[in-house]
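Residue-level structure breakdown
Here is how the chains run, residue by residue.
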Amino acid sequence: MILLILISLLRGASGMTSIVGVTPCSPWDFTLLVLSIVFLVVITAINILLVKREYTVKIKNGYQLVDGDLSWTPKLITKFLFSAFGAGFVASVVGLGGGVIFNPLLLSFKVPPSVSSATGMYMIMFSTLSSSILYSLSGILNIGFAFW
């Protein structure tokens, strides 16, 4: 998250100028964009490997899956990955919050509603925190509204 916030500060964003003077659509802007995409792909690959390893260890040790546990087969991982990518794309294009898209997605994978809503709140916490940090550092955040 820290690396993505740093890249956003370097690139600038809507309503914020770059802290180092990177102009939109410049070679540096595209370089930073590609860097953030590569970082996210690497993090996704690492998480897929960790989920596969954890699931394999559970199965080898005779762990009994309970109602709501997901069987992380390669087919389910692929389906989950593409569904999450599509949901993230739709949420960003339409401007909906992640919970509106991701909670029904998790429910469609037979995740219990309590786990789905907790996961949605966990994701929202990080996106809100990073946005708050970016707006605060750029001087756009009106801190007085928090105390009103």
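Residues numbered from 1 in each chain as written. Predicted model: local features only at pLDDT ≥ 70, side-chain atom pairs only at ≥ 80, totals over all residues. Heavy atoms only, no water.

**Quick word on the overall build of the protein**
- Looking only at helices and strands, one finds five helices and zero strands in the protein.
- Mapped in sequence order, the helices and strands of the protein form the string α-α-α-α-α.
- A total of 148 residues make up the protein; the buried ones form 19% of that total.
- For the protein, contacts bridging at least 24 residues in sequence account for 43% of all contacts bridging at least 6.
- Considering the protein, the positive charge centre built from 8 side chains and the negative charge centre built from 4 side chains are found 8 Å apart. (Helix = DSSP H or I, 4+ residues; strand = E, 2+ residues; numbered from the N terminus. Buried < 20%, exposed > 50% of the residue type's maximum accessible area, 1.4 Å probe, protein only. Contact = heavy atoms within 4.5 Å. Lys, Arg positive; Asp, Glu negative; His and termini not counted. Charge placed at Lys NZ, Arg CZ, Asp CG, Glu CD.)

**As for the packing of aromatic side chains**
- Considering all chains together, one arrives at three aromatic pairs under this definition.
- Judged by centre distance (5.4 Å) and plane angle (85 degrees), the rings of Trp72 and Phe80 are edge-to-face.
- In this structure Trp72 comes out as partly exposed when scored by relative accessible area, which is 23%.
- Among the aromatic side chains, those forming a connected cluster through ring pairs are Trp72, Phe80 and Phe109.
- We note Lys58 situated over the ring of Tyr63; from NZ or CZ to the ring centre the distance is 4.9 Å. (Phe/Tyr/Trp six-rings, centres within 6.5 Å; stacked < 30°, edge-to-face > 60°. Lys NZ or Arg CZ within 6 Å of the ring centre and 35° of its normal.)

**A look at the confidence of the model for the protein**
- Looking at the protein, the pLDDT average stands at 85 and 98% of residues meet or exceed 70.
- Mean pLDDT across the secondary structure elements of the protein bottoms out at helix α1 (residues 2-11), with 78, and peaks at helix α2 (residues 27-60), with 91. (pLDDT = per-residue confidence, 0-100.)

**A look at the packing of α1 against helix α5 (residues 113-138)**
- Contact geometry for α1 and α5: axes closest at 10 Å, N-to-C directions at 35 degrees. Classified by chirality, the crossing of α5 by α1 is right-handed. Facing Ile5, Ser8 and Leu9 of α1, the residues of α5 in contact are Ser130, Ile133, Leu134 and Leu137. (Axes fitted to C-alpha atoms, helices over the stretch in contact; angles between N-to-C directions. Left-handed = near helix turned anticlockwise from the far one by under 90°.)

**Points about the nonpolar core**
- In terms of nonpolar packing, the biggest core is built from 10 residues, these being Leu70, Leu76, Ala87, Ala91, Ile101, Phe102, Leu105, Leu106, Phe109 and Val111.
- Among the secondary structure elements, those contributing two or more residues to this core are α3 (74-94) and α4 (98-108).
- Of all the elements, α4 adds the most residues to this core, at four residues.
- If we skip the residues at most four places from it in the chain, Leu105 touches Ser83, Ala84 and Ala87. (Core = buried A, V, L, I, M, F, W, Y, C linked by side-chain atoms within 4.5 Å.)

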